[in-house]
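# Topology and contacts: notes
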Amino acid sequence: MEGIIVSRFILFVLVFVYLLIGYASKIDMHINAKVLDTAFAVQIVALTAYIVYDNIQAPPEDGWGFAILGYLFVYGIIIMVWFLYGFKTI
């Protein structure tokens, strides 16, 4: 049970950080498109690796339905932030 609490806390912190980054996208800063796409790819691969590792270590006790919805929510936040910064690429 302790592993599930830690993993959900890590995912919550990730979502919170991405919400702050999405809010910061209102600032008039520009980023190189290659840097943005590379960072996005690394983040998606790292998140997928973490989710796979976490589910091997401690499978969800409440079922896969809620876990998959939560993971889709986290991926949605990352894609939203990538899309918001996509308008600011050089």
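Before reading on, note that the structure itself is shown above.
Scope of this entry: the structure provided in the associated data block.

Parameters at a glance
The numbers attached to residues start from 1 for each chain and follow its sequence in the written order. Restriction of local features to residues with pLDDT of at least 70 applies here, the model being predicted, together with a cutoff of 80 or more for giving and counting side-chain atom pairs; totals for whole chains, interfaces and linings are based on all residues. Calculation of side-chain values draws on the structure's entire complement of heavy atoms; hydrogens and water are dropped beforehand. Within this document, salt bridges are pairs made up of a side-chain nitrogen of Lys or Arg and a carboxyl oxygen of Asp or Glu, the two lying within 4 Å of each other. A run of H or I in DSSP counts as a helix once it spans at least four residues, and a run of E counts as a strand once it spans at least two, with each numbered from the N terminus. Exposed residues in this analysis have more than 50% of their type's maximum accessible area, buried residues have under 20%, and partly exposed residues fall in between, with area computed by a 1.4 Å probe over protein chains only. The criterion used for residue contact is that any of the two residues' heavy atoms lie within 4.5 Å. Fitted lines through C-alpha atoms give the axes, limited to the stretch in contact for helices. The angle between two N-to-C directions lies from 0 to 180 degrees. Each angle receives one of four descriptions, namely roughly parallel if under 35 degrees, roughly antiparallel if over 145, roughly perpendicular if within 65 to 115, and oblique otherwise. Charged residues are taken to be Asp, Glu, Lys and Arg, nonpolar residues to be Ala, Val, Leu, Ile, Met, Phe, Trp, Tyr, Cys and Pro, and polar residues to be all remaining types, Gly included. The way it works is a 1 Å grid over only the protein atoms, where trapped points that fit a 1.4 Å probe form a cavity and open points with protein on both sides within 12 Å along at least five of seven lines form a pocket, and then any residue with an atom within 4 Å of a point lines it. Grid points are joined across faces, edges and corners, and a volume is the space filled by probe spheres set on the points.

### Some points on the pattern of salt bridges
Applying the stated rule across the entire model yields one salt bridge. Ionic pairing is found between arginine 8 and aspartate 54, a salt bridge with its closest N-O pair at 3.5 Å. In this pair, arginine 8 is assigned in helix H1 (residues 2-24) and aspartate 54 in helix H2 (residues 33-57), connecting sequence segments 46 residues apart. When its relative accessible area of 9% is taken as the criterion, aspartate 54 is described as buried.

### Considerations on the side chain of asparagine 55
On the secondary structure map, asparagine 55 appears in helix H2. With residues up to four places along the chain from it excluded, the contact list for asparagine 55 reads Pro60, Trp64 and Tyr71.

### What about the packing of H2 against helix H3 (residues 64-86)?
Close contact between H2 and H3 brings their axes to 11 Å; oriented N to C, the two are set at 170°. Taken together, the axes of H2 and H3 lie roughly antiparallel to each other. Packed against H2, whose contacting residues are Leu36, Asp37, Phe40, Gln43, Ile44, Leu47, Thr48, Ile51, Asp54 and Asn55, the element H3 presents Trp64, Tyr71, Val74, Tyr75, Ile78, Ile79, Trp82, Tyr85 and Gly86 at the interface. For the contact of H2 with H3, a count of residues per class yields 13 nonpolar, four polar and two charged.

### A closer look at the layout of surface pockets
Taken as a whole, the largest pocket holds about 220 Å³ of empty space. Contributing to the lining of the largest pocket are 13 residues, with Ile4, Arg8, Pro60, Phe66 and Ala67 lying nearest its centre. Contributing elements (two or more residues each) for the lining of the largest pocket: H1 and H3. Per element, the largest residue contribution to the lining of the largest pocket is five residues, and it comes from H3. Looking at side-chain class alone, the lining of the largest pocket contains eight nonpolar, two polar and three charged residues. Counted as a void, the second largest pocket has a volume near 170 Å³. Lining the second largest pocket are Tyr18, Ile21, Ile31, Val35, Leu36, Ala39, Phe40, Gln43, Ile78, Val81, Trp82 and Tyr85. Put simply, the parts of the chain that give the lining of the second largest pocket at least two residues each are H1, H2 and H3. Among the elements that take part in the lining of the second largest pocket, H2 stands out by supplying five residues, more than any other. Broken down by class, the residue content of the lining of the second largest pocket amounts to 11 nonpolar, one polar and no charged.

Any link to function would need more than the numbers given here.
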